[in-house]
Amino acid sequence: MSVDFGSSSTAALVEVAFSVGFEEFHRMLRYELDDLRDQKYTDQFPNDEEKAPHKPFIEEPEGGLAALPSASPITNIRRWFSSEDGSGLIQVQRNWFARNWRAILENTSNGAVTPYPGYAAVRSDFVQSLQGFIDFVRDADLGEFKPLQCEVSYRFQLRAEGLWDGPGELDRVVRMFSGAQGSYLPDLEAMRIITQYAMADETGNRLGRLYGRLESGAAEDGSHFLILTMFARGTPDGHRPEDVYAFQDDGQRWIVNGLREYLTPEALAWYDLG
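### Brief notes about the overall build of the protein
Okay, so step 1: The number of helices and strands found in the protein is four helices and eleven strands.
Okay, so step 2: Taking 274 residues into account, the globule formula puts the C-alpha radius of gyration at 19 Å, and the protein, at 20 Å, falls close to it.
Okay, so step 3: In terms of its C-alpha atoms, the protein occupies a principal-axis envelope of roughly 65 × 50 × 40 Å.
Okay, so step 4: Buried positions account for 48% of the 274 residues belonging to the protein.
Okay, so step 5: Contacts in the protein between residues at least 24 apart in sequence constitute 68% of all its contacts with a sequence separation of at least 6.
Okay, so step 6: As displayed, the protein offers around 13900 Å² of accessible surface, 49% of which is attributable to carbon and sulfur atoms.
Okay, so step 7: In the protein, which carries 26 positive and 43 negative side-chain charges, the distance between the mean positions of the two groups comes to 4 Å.

### Points about the environment of Leu-170
Okay, so step 1: Along the chain, the position of Leu-170 falls in the loop between strand S8 (147-159) and strand S9 (192-200).
Okay, so step 2: Beyond its immediate sequence surroundings of up to four residues, Leu-170 is in contact with Trp-164, Phe-177, Leu-188, Met-191 and Leu-226.

### As for the nonpolar core
Okay, so step 1: Counting 62 residues, the largest nonpolar core has Phe-97, Phe-133, Tyr-154, Leu-263 and Leu-273 as its most contacted members.
Okay, so step 2: With sequence-adjacent residues up to four places away left out, Phe-97 is seen in contact with Phe-18, Ser-19, Val-20, Phe-22, Tyr-41, Ile-90, Gln-91, Val-92, Phe-126, Ser-129, Leu-130 and Phe-133.

### Re the sheet that holds strand S6 (residues 88-93)
Okay, so step 1: One open sheet accounts for nine strands, arranged S2-S5-S6-S7-S1-S8-S11-S10-S9; its pairing is antiparallel. What marks the edges here is a single partner per strand, and that holds for strand S2 (47-51) and S9. Along the sheet, successive strands turn relative to each other by an average axial angle of 15°, direction set aside.
Okay, so step 2: This element, helix H1 (residues 30-41), spans S2, strand S5 (78-82), S6 and strand S7 (96-102) of the sheet and lies at about 20° to S5.
Okay, so step 3: Strands in contact with helix H3 (residues 241-262) are strand S1 (13-22), S8, S9, strand S10 (206-218) and strand S11 (224-234); relative to S8, the strand with the most contacts, it is inclined by about 30°.

### Side note on the environment of Val-16
Okay, so step 1: You can see Val-16 is positioned in strand S1.
Okay, so step 2: For the pair Val-16 and Ser-153, spaced 137 residues apart in sequence, the C-alpha to C-alpha distance is 5.7 Å.
Okay, so step 3: The residues touching Val-16, leaving out its near neighbours within four places in the chain, are Arg-99, Asn-100, Trp-101, Tyr-116, Val-122, Ser-153 and Tyr-154.

### Quick word on the side chain of Gln-149
Okay, so step 1: Relative to the helices and strands, Gln-149 resides in strand S8.
Okay, so step 2: Classification of Gln-149 as buried rests on a relative accessible area of 2%.
Okay, so step 3: The contacts of Gln-149, once residues within four sequence positions are left out, are Ser-19, Val-20, Gly-21, Pro-56, Phe-57, Ile-58, Leu-68, Trp-96, Arg-233, Gly-234, Thr-235 and Pro-236.

### So, the pattern of salt bridges
Okay, so step 1: The final tally for this structure, using the stated rule, is 20 salt bridges.
Okay, so step 2: Where Asp-125 meets Arg-99, a salt bridge forms, and the shortest distance between an N and an O atom there is 3.7 Å. One end of the pair, Asp-125, is in helix H2 (residues 119-139); the other, Arg-99, is in strand S7, and 26 residues separate them in sequence.
Okay, so step 3: Here Asp-125 falls in the partly exposed class, since its relative accessible area comes to 29%.
Okay, so step 4: Measuring nitrogen to oxygen at the nearest pair gives 3.1 Å for the salt bridge that ties Arg-240 to Asp-243.

### Comments concerning the packing of aromatic side chains
Okay, so step 1: Under the definition given, this model contains 16 aromatic pairs.
Okay, so step 2: A centroid spacing of 5.4 Å and a plane angle of 20° characterise the contact between Phe-18 and Phe-126, whose relative ring orientation is stacked. Here Phe-126 lies in helix H2 and Phe-18 lies in strand S1, a separation of 108 residues in the sequence. Of the two residues, Phe-18 and Phe-126, neither departs from the other in class, the shared state being buried.
Okay, so step 3: An aromatic cluster of three or more residues is present, and its members are Phe-18, Phe-22, Phe-25, Phe-97, Tyr-119, Phe-126, Phe-133, Phe-145 and Tyr-245.
Okay, so step 4: Sitting over the ring of Trp-80, Lys-51 keeps its end group 4.5 Å from the ring centre.

### Side note on the environment of Glu-49
Okay, so step 1: As for its position among the elements, Glu-49 is in strand S2.
Okay, so step 2: Overall, the relative accessible area of 36% leaves Glu-49 in the partly exposed class.
Okay, so step 3: Measuring from C-alpha to C-alpha, the distance between Glu-49 and Leu-130 comes to 19 Å, with 81 residues separating the pair along the chain.
Okay, so step 4: Setting aside anything within four residues of it in sequence, one finds Glu-49 in contact with Arg-78, Arg-79 and Trp-80.
Okay, so step 5: In this structure the side chain of Glu-49 is engaged in a polar contact, spanning 3.3 Å, whose partner is the side chain of Lys-51.

### Things to note about H1
Okay, so step 1: The end-to-end C-alpha distance of H1, which contains twelve residues, comes to 15 Å, matching closely the 16 Å that a straight helix rising 1.5 Å per residue would cover.
Okay, so step 2: Burial in H1 covers these residues: Leu-33, Asp-34, Leu-36 and Tyr-41. When H1 is viewed along its axis, its buried side chains cluster within an angular range of 160° and face the same direction. Exposed residues lying more than 90 degrees from the buried face of H1 are Tyr-31 and Gln-39.
Okay, so step 3: Turning to H1, the residues buried within the fold contact S5, S6, S7 and H2.

Calculation criteria
- Residues numbered from 1 in each chain as written.
- Predicted model: local features only at pLDDT ≥ 70, side-chain atom pairs only at ≥ 80, totals over all residues.
- Heavy atoms only, no water.
- Helix = DSSP H or I, 4+ residues; strand = E, 2+ residues; numbered from the N terminus.
- Rg over C-alpha atoms; globule rule 2.2 N^0.38 Å.
- Buried < 20%, exposed > 50% of the residue type's maximum accessible area, 1.4 Å probe, protein only.
- Contact = heavy atoms within 4.5 Å.
- Areas by Shrake-Rupley, 256 points an atom, 1.4 Å probe, with all protein chains shown as cover.
- Lys, Arg positive; Asp, Glu negative; His and termini not counted.
- Charge placed at Lys NZ, Arg CZ, Asp CG, Glu CD.
- Core = buried A, V, L, I, M, F, W, Y, C linked by side-chain atoms within 4.5 Å.
- Pairing = 2+ DSSP bridges.
- Axes fitted to C-alpha atoms, helices over the stretch in contact; angles between N-to-C directions.
- Salt bridge = Lys/Arg side-chain N within 4 Å of Asp/Glu carboxyl O.
- Phe/Tyr/Trp six-rings, centres within 6.5 Å; stacked < 30°, edge-to-face > 60°.
- Lys NZ or Arg CZ within 6 Å of the ring centre and 35° of its normal.
- Polar contact = N/O pair within 3.5 Å; in protein donor to acceptor, adjacent residues only side chain to side chain.
- Expected span 1.5 Å × (residues − 1).
- Arc of directions from axis to C-beta.

What follows is the structure, given as structure tokens:
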């Protein structure tokens, strides 16, 4: 079974993100982030925004979450460097780095979106962008890159548009829902749910966790949709960049194959995600 989605799935697949949390570079302040932008990213990612810091987590073996260590979280600046069309995004702060691919509307009259380029291309973009960051902190003598947690995530927007009419018919989309109705409660109006699964390799060694975050929404025209975010998070098996990429390859397989058991066969075919 192919461990990827086709470009035609972009109608549902709207964002893919790779990220890594690491030991904090305490001397990476606003000016250093300016230098990082100018030296590594400004040609491909000319747009620059400042955001509130992201709060990454580390998976604990017994099931809990621990915040990624930060000596000064209040002053930890997050910068967004994005491409001209908005499809490419780099997020960086003193203890976390991310590379996002986002589906956007193309400049056409038929509402087409940019096709999903495939896992290999998105992974290659992350490797190139992260290596630029690692080279910068080394050359600026800011410290040594030591990854602590890795994550890969996929976000899907599943519009009703004929397969289902509202949250009361989620049994047609998500396997965990039953179509049986009681006599007192009306149809479901809205919902938000998070599922969690332990990830292990072929020998049973624990890799991390796979999450599914599902919530319903409604557009201004009254049409319904679901936002499904599936993400894999865990600790790399070492401190090399290659260890980060190895975990994300495992996470990718869990997300793609997991989605095929998370959604119903009817939904997989409807959204071209099978």
